[in-house]
Amino acid sequence: RMARLDGALALARAFPPVVDKAGAAGWLEQCLSLPPTEGVARVIFHTVMWQYMPEAEKTRANAAIRAAGAGATRAAPLAWLNFESDGEKGSGGVYLTTWDGSGSDDGTTRLLARGDFHGRWIHWQG
């Protein structure tokens, strides 16, 4: 774990991240209220944090994501990539939900992989 942390810190020093001080739902509502840009896919990514949010925050965040997804188009798609606990003991699921205006307002969700919560292993799905 320490080697992975050292690697992550080295990347953060080389490419300093922008950190906004905001709750997840408010931040998503603000960012996703901006009009999408044609030719640019918007991607929401998170890992092992959803379970720690209060239910009201999850409901707001989910609503903001799904509203943005409903407005996605082939020229300006939306993707939601997350690695979270999904009830399967000993691992989490890497899920990708995409919206491109051609399908359901709920998007299309695929399980991409199962992985250890501390990055020791990952099994990609076929």
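To start, this report covers the structure provided alongside it. Since the structure is predicted, the reported quantities are computational estimates derived from the model, not experimental observations.

**Brief notes about the packing of aromatic side chains**
Considering all chains together, one arrives at two aromatic pairs under this definition. Here Trp-50 and Trp-80 contribute two aromatic rings whose centre-to-centre distance is 5.6 Å and whose plane-to-plane angle is 55 degrees, an arrangement assigned as tilted. Of the two residues, Trp-50 is situated in the loop between strand E1 (42-47) and helix H3 (55-70) and Trp-80 in strand E2 (residues 78-85); the sequence distance between them amounts to 30 residues. In this pair, the class of Trp-50 matches that of Trp-80, namely buried.

**Brief notes about the packing of helix H2 (residues 24-33) against H3**
Axis angle and axis distance: for two packed helices, these are the angle between their axes and the distance between the axes, and together they describe the pair. One way to put it is that H2 packs onto H3 with a least axis distance of 8 Å and a crossing angle of 15 degrees. It follows from the interaxial angle that H2 and H3 lie roughly parallel. Relative to H3, H2 is oriented so that their crossing is left-handed. Judged by residue contacts, Ala-24, Ala-25, Gly-26, Leu-28, Glu-29 and Leu-32 of H2 engage Glu-57, Arg-60, Ala-61, Ala-64, Ile-65 and Ala-68 from H3. Looking at the contact of H2 with H3, its residues break down into eight nonpolar, one polar and three charged.

**Brief notes about a nonpolar patch on the surface**
A cluster of nonpolar side chains, namely Met-2, Leu-5 and Leu-9, defines an oily patch on the protein surface of about 290 Å² accessible area. Within the secondary structure, Leu-9 is located in helix H1 (residues 2-14).

**Here's the deal with the nonpolar core**
If you look at the biggest cluster of nonpolar residues, it comprises 14 residues, and the most contacted ones within it are Leu-28, Leu-32, Ile-44, Ile-65 and Leu-78. Those elements that provide at least two residues to this core are H2, H3 and E2. In terms of residue count, H3 provides more of this core than any other element does, four residues in total. Once you skip the residues sitting within four places of it in the chain, Leu-32 turns out to touch Arg-42, Ile-44, Ala-64, Ile-65, Ala-68 and Leu-78.

**Re H2**
Residues of H2 that are buried: Ala-25, Leu-28 and Leu-32. Viewed end-on, H2 has its buried residues packed into an arc of 65 degrees, placing them on one side of the element. Exposed residues on H2 whose side chains face more than 90 degrees from its buried face are Gln-30 and Ser-33. Looking at the buried positions of H2, the neighbouring elements they touch are E1, H3 and E2.

**Re the environment of Ile-44**
By the element assignment, Ile-44 lies in strand E1. By relative accessible area, Ile-44 is classed as buried at 10%. Not counting chain neighbours up to four residues away, the residues in contact with Ile-44 comprise Leu-28, Leu-32, Ile-65, Leu-78, Ala-79, Trp-80 and Leu-81.

**Some words on the pattern of salt bridges**
Counted by the stated rule, this structure contains seven salt bridges. Between Asp-100 and Arg-74 there is a salt bridge, with its nearest N and O atoms 3.6 Å apart. With Asp-100 in the loop between strand E3 (92-99) and strand E4 (108-115) and Arg-74 in the loop between H3 and E2, this pair connects stretches of sequence that are 26 residues apart. Judged by its relative accessible area of 28%, Asp-100 falls in the partly exposed class. Taking the relative accessible area as the measure of exposure, Arg-74 reaches 62% and is therefore exposed. In the salt-bridge network here, residues are joined through shared partners; they are Glu-29, Glu-57 and Arg-60.

Criteria and cut-off values
- Residues numbered from 1 in each chain as written.
- Predicted model: local features only at pLDDT ≥ 70, side-chain atom pairs only at ≥ 80, totals over all residues.
- Heavy atoms only, no water.
- Phe/Tyr/Trp six-rings, centres within 6.5 Å; stacked < 30°, edge-to-face > 60°.
- Helix = DSSP H or I, 4+ residues; strand = E, 2+ residues; numbered from the N terminus.
- Buried < 20%, exposed > 50% of the residue type's maximum accessible area, 1.4 Å probe, protein only.
- Axes fitted to C-alpha atoms, helices over the stretch in contact; angles between N-to-C directions.
- Parallel < 35°, antiparallel > 145°, perpendicular 65-115°, else oblique.
- Left-handed = near helix turned anticlockwise from the far one by under 90°.
- Contact = heavy atoms within 4.5 Å.
- Nonpolar A, V, L, I, M, F, W, Y, C, P; charged D, E, K, R; others polar.
- Patch = residues over 30% accessible without salt bridge, like charges linked within 9 Å, V, L, I, M, F, W, Y side chains within 5 Å.
- Areas by Shrake-Rupley, 256 points an atom, 1.4 Å probe, with all protein chains shown as cover.
- Salt bridge = Lys/Arg side-chain N within 4 Å of Asp/Glu carboxyl O.
- Core = buried A, V, L, I, M, F, W, Y, C linked by side-chain atoms within 4.5 Å.
- Arc of directions from axis to C-beta.

Remember, this is a structural readout, not a statement about activity or role.
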